[in-house]
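What follows is each chain in one-letter form.
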Amino acid sequence: MKLARPRARSRPEPGELVSLEERVGSLSFMRAGFALAVLALGSFAPDLRGVSMGLLTLVTCVYLVPALALAPAVRTLSREPAVLASGALLLFDGLYLTWVIYATGGVESPLRFLLFVHVVAVTLIASSRTGLKVAAWNSLLLLVVLYAQAGGIIGTKETLISALPGQGEHFRLFAMLNVAALWAVALATAAFSSVNERELRAQKVDLHQLSAMVREIDARTDAADIPRILLDKLCEVFGFTRGVILASPEQDLAVLAYRGEAEAPLIVPGLDPVMERAWKDRHTQLVKDLDPGLDPRLGALFPFAGRLVIVPLFLDRGQRLGILALEPPGNADRIKRWTVTVIEQFAAHAAMAMQNAWLLDEIRHRLEENRALQRELMAENMSLEVAVDERTSELSDSLRSLRQVEDARRKLVSRLVNAQEEERLRIAGDIHDDPVQKVVAASMRLQLIRKQVQDPDVRASLDKLLESIRASIFSLRHMIFELHPSVLEHEGLAPALREHMAKLESDLELELQDDFEEQPSSETRVLLFRIAQEALGNVRKHARAKKVQVHLGQEDGGYKVEIRDDGVGFTPPQVLSSAPGHLGLSSMRERAELAGGWCKVHSLPDCGTTVEFWLPATALTSVAKIEPVEEIEPGADVHLGAAAS
Ligand SMILES: Nc1ncnc2c1ncn2[C@@H]1O[C@H](COP(=O)(O)OP(=O)(O)OP(=O)(O)O)[C@@H](O)[C@H]1O
Ligand SMILES: [Mg+2]
């Protein structure tokens, strides 16, 4: 959007009442009027003109062109050339009018009045000084025409000459009378105009000062300054001797500014009748004789005052704000309407400025409150953050110590499991090396003795003895297997589990599916075997099952074993832990988790039980490696010496 450029020439310069552009415009109208009058006279009274109508029209057009062209040109010209052009046109006006007078009868021309009109119009439109200058120029030109005519330098129509009062003294007197009349009109107009001009100039100065006050008020942000500035300026400009502004943002009138001989006296709360009237009528009230009895507050504020101007102050929505009371100077017998209007308008502006400043105060106050609140919140936030930090560090400490405890527990369990395996290995080795060897040796000796004995009764007893020795050897070998199944190391998990089940000598049907693509490491294999051993032991002990299915599979980078029975089932605990005195379930879980795996039991009463567990391919804990214990087949030859040793 294009913004309209301010029209600089339409604003009057300091010291001017009317702008140059307006003046040129008004003078253009005057010139157009002159041209019309001249052409009308030329057309309707041809006897009166001494030149042809064509010449009259041509000269008039030549006159009008620059006169009318100047008005738009003034807007584009800078001030100096515009003033010069305007002055030149005034001179040109004189030349044109004088020529017209010459052409229409000279000293007797009926258009002589145009010179008078010119002087009066210029005085009124421009200024009295310009009017006088134009009067001087016009009278000079008139004299030139008249004398030229009288001296016969310029030709005059016979008819017109005959109408003249005569040549010589009469003619000169007539000419002088014309010039004197012109000057009389010019001086009278100038006198009238200068009085007006003075008045207008005074008003303009007042307005100038008051506008400066408005700028000062608008620049203030403290509401308390505004009424003081308004009161001081009004008193200064209009000469009021005392004044007061009563107002308050809360509608409870208080003295906001006072200008008098001393300090503002305290006034009782409430309103004087004249104040009520000013608010009600929404008009300024003029008090002629202040009666302190009737208006006690004003009486207290303006002791011995006669006349007062009471201006009601309103806010933008017509809300009552306060009262401005002013005491005119003692010698002023009346207050001009213009003054009252100006006071009302500037007071209204000041009232708005006060309201704005109060609003600003309130906003500032609210902002300050908000900032304080924000600060409080930030402090609160910080203390909360500190508390949260403390709590977090406490929690992380607790977590750390929990982890340490858990770590220690795992280590302990790991050590226990290791110790258990080692112990089993040792016991298995001891049983194999000593009791088994000795019992085998005893059995072999008995067999030798039996061969030498002939008595059938003794031989029968020896046979029974040999039978029970073989049973003991079988039990001992089963114990060795349970303690440390070497088949696990040599053949793998599935054969070990099959042998384990076979050795249990139960009616339980075992269905084993081995989907291992490769055998786990020996540590993982021992762990898998121990957990499966416990699960199968539970089936045998508690399930009363007919069949148990074992599936060995590989998934998720580890080994998964699933043992499903069709027994009585039970309600497994939420957390896989054994009841006091029962360790099986806990040990299964512990062993699985120790290796970084997991163990789950799914069961419901009468729905069988499924135990599944998974261990990673690389177990995280190390358990005793399986040291192969040499199995001795019953009946195998054993070196006695070796057995003895
Ligand atoms: N396959 C199963 N079928 C039925 N009940 C079972 C089965 N497995 C476990 N249980 C039930 O869970 C209980 C806890 O088993 P857990 O192995 O922890 O202890 P336990 O076998 O009784 O004793 P421990 O294993 O210490 O010698 C058992 O007493 C039994 O009631
Ligand atoms: Mg058990």
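First things first, this report covers the structure right here in the doc. (Residues numbered from 1 in each chain as written. Chains lettered and ligands numbered in written order. Predicted model: local features only at pLDDT ≥ 70, side-chain atom pairs only at ≥ 80, totals over all residues. Heavy atoms only, no water.)

Along its length, the chain carries 17 helices and ten strands. A fraction of 68% describes how many contacts in the chain between residues 6 or more apart in sequence connect residues 24 or more apart. Counting only carbon and sulfur atoms, one obtains 58% of the accessible surface of the chain, whose full area is about 36,000 Å². (Helix = DSSP H or I, 4+ residues; strand = E, 2+ residues; numbered from the N terminus. Contact = heavy atoms within 4.5 Å. Areas by Shrake-Rupley, 256 points an atom, 1.4 Å probe, with all protein chains shown as cover.)

Our focus in this paragraph is the coordination of the magnesium ion (ligand 2). In the first shell of the magnesium ion (ligand 2), the protein supplies E534 (OE) and N538 (OD1), at 2.0 to 2.3 Å from the metal. Of this pair, E534 and N538 both sit in helix α15 (residues 522–543), four residues apart, which is roughly one turn of the helix. Residue E534 is classed as partly exposed on the basis of its relative accessible area, which comes to 24%. (Donors = N, O, S within 2.8 Å, 3.2 Å for Na, K, Ca; no water. Buried < 20%, exposed > 50% of the residue type's maximum accessible area, 1.4 Å probe, protein only.)

One finds L493, L497, L552, I563 and F613 to be the most contacted residues of the largest nonpolar core, which totals 38 residues. At the level of secondary structure, the elements contributing two or more residues to this core comprise α13 (486–490), α14 (493–504), α15, β7 (547–555), β8 (558–565), α16 (584–594), β9 (598–603) and β10 (609–616). Per-element accounting of this core gives the leading share, ten residues, to α15. Look past the residues within four positions of L493 in its chain and what remains in contact with it is L488, F516, Q519, R525, L528, F529, L552 and V561. Core analysis: the next-biggest nonpolar cluster, separate from the first, contains 34 residues, I226, V309, L315 and A357 among them. (Core = buried A, V, L, I, M, F, W, Y, C linked by side-chain atoms within 4.5 Å.)

As a further point, take the environment of D222. For D222, the location among the structural elements is in the loop between α7 (169–219) and α8 (225–238). We classify D222 as partly exposed; its relative accessible area is 40%.

Read across the sheet, five strands follow the order β2-β1-β5-β4-β3 without closing on themselves; strand pairing throughout is antiparallel. Looking at which strands have only one partner, the edges of the open sheet turn out to be β2 (254–259) and β3 (285–287). Neighbouring strand axes in the sheet, compared pairwise and without regard to direction, differ in orientation by 20 degrees on average. Pairing between strand β4 (residues 308–314) and strand β5 (residues 320–327): six bridges, direction antiparallel. When the sheet's bridge partners are listed, F314 is paired in β5 with R320. Against the sheet, α8 engages β1 (242–247), β2 and β5, with an angle of about 35 degrees to β2. (Pairing = 2+ DSSP bridges. Axes fitted to C-alpha atoms, helices over the stretch in contact; angles between N-to-C directions.)

Contact geometry of helix α1 (residues 20–44) with helix α3 (residues 79–103) gives a least axis separation of 12 Å together with a crossing angle of 15 degrees. In terms of orientation, α1 lies roughly parallel with respect to α3. When you trace α1 past α3, the crossing you get is left-handed. Between α1, through L20, R23, V24, L27, M30, R31, F34, A35 and V38, and α3, the contact on the second element is made entirely by R79, A82, V83, S86, L89, L90, D93, Y96, L97 and V100. (Parallel < 35°, antiparallel > 145°, perpendicular 65-115°, else oblique. Left-handed = near helix turned anticlockwise from the far one by under 90°.)

This part is about the packing of helix α12 (residues 456–483) against α14. For the pair α12 and α14, the least separation of the axes is 11 Å and the interaxial angle reads 145 degrees. Along this stretch, α12 crosses α14, giving a crossing that reads as left-handed. Contact with α12, carried on its side by H478, F481 and E482, involves A496, E499, H500, K503 and L504 of α14 and no other residues of that element. Residues of the contact of α12 with α14, tallied by class, amount to three nonpolar, two polar and three charged. (Nonpolar A, V, L, I, M, F, W, Y, C, P; charged D, E, K, R; others polar.)

With that settled, the discussion passes to the pairing of β1. Across the six residues that make up β1, a large majority, six, are buried. Of the strand pairs in this sheet, β1 and β5 are connected by six bridges, and their pairing is antiparallel. For I245, the partnering residue across the bridge sits in β5 and is L324. By the bridge criterion, five bridges tie β1 to β2 in an arrangement that is antiparallel. For I245, the partnering residue across the bridge sits in β2 and is A257.

Aromatic ring pairs are described here by two measures, namely the spacing of the ring centres and the angle between the planes. A complete count under the given rule lists five aromatic pairs for this structure. Relative to Y96, the ring of Y63 has its centre 4.0 Å away and its plane inclined at 5 degrees; by these criteria the two rings are stacked. Highlighted residues: Y63 in helix α2 (residues 53–76) and Y96 in helix α3, separated in sequence by 33 residues. Taken individually, Y63 and Y96 each receive the classification buried, so the pair is uniform in this respect. Ring-pair connections join several aromatic residues into one group, and the members of that group are Y63, F92 and Y96. The ring of F481 is capped by K503, whose NZ or CZ atom sits 5.1 Å from the centre of that ring. Sitting over the ring of W598, K600 keeps its end group 4.3 Å from the ring centre. (Phe/Tyr/Trp six-rings, centres within 6.5 Å; stacked < 30°, edge-to-face > 60°. Lys NZ or Arg CZ within 6 Å of the ring centre and 35° of its normal.)

Another aspect to go through is the pattern of salt bridges. Side chains that differ in charge, positive against negative, can pair when their charged atoms come close. Applying the stated rule across the entire model yields 24 salt bridges. Note that E368 is salt-bridged to R375, the shortest N-O span being 3.8 Å. Overall, the relative accessible area of 40% leaves E368 in the partly exposed class. Taking the shortest distance from any N to any O, the salt bridge between E562 and R564 comes out at 2.8 Å. Put simply, E368, R371 and R375 are held in one network by salt bridges that share partners. (Salt bridge = Lys/Arg side-chain N within 4 Å of Asp/Glu carboxyl O.)

One can find K438 in helix α11 (residues 337–452). Note: C-alpha distance between K438 and I473 (35 residues apart in sequence) is 9.8 Å. Here D434 takes part through its side chain, which lies 2.8 Å from a polar atom of the side chain of K438. (Polar contact = N/O pair within 3.5 Å; in protein donor to acceptor, adjacent residues only side chain to side chain.)

Attention shifts here to α12. For α12, spanning 28 residues, the distance from its first C-alpha to its last is 40 Å, which sits close to the expected 40 Å at 1.5 Å a residue. For α12, every residue scored as buried is listed here: L462, L466, I469, I473, L476, R477, H478, I480, F481, E482 and L483. A side-chain oxygen of the first residue of α12 lies 3.2 Å from the backbone nitrogen of D457; this N-cap is D455. (Expected span 1.5 Å × (residues − 1).)

Next up on the list: a negative patch on the surface. Residues D514, D515, E517 and E518 make up a contiguous surface patch of negative charge. Counting through the fold element by element, D514 comes out in strand β6 (residues 509–514). (Patch = residues over 30% accessible without salt bridge, like charges linked within 9 Å, V, L, I, M, F, W, Y side chains within 5 Å. Lys, Arg positive; Asp, Glu negative; His and termini not counted. Charge placed at Lys NZ, Arg CZ, Asp CG, Glu CD.)

This brings us to the sheet that holds β8. Ordered in space as β6-β7-β8-β10-β9, the five strands form an open sheet in which the pairing is mixed. In this open sheet, the two edge strands, each paired with only one partner strand, are β6 and β9. Within the sheet, the average angular offset between the axes of one strand and its neighbour, ignoring direction, is 10 degrees. Each of β6, β7 and β8 touches α14; the most contacted strand, β6, lies at about 175 degrees to it.

It is worth stressing that arrangement in space is one thing and function is another; only the former is reported here.
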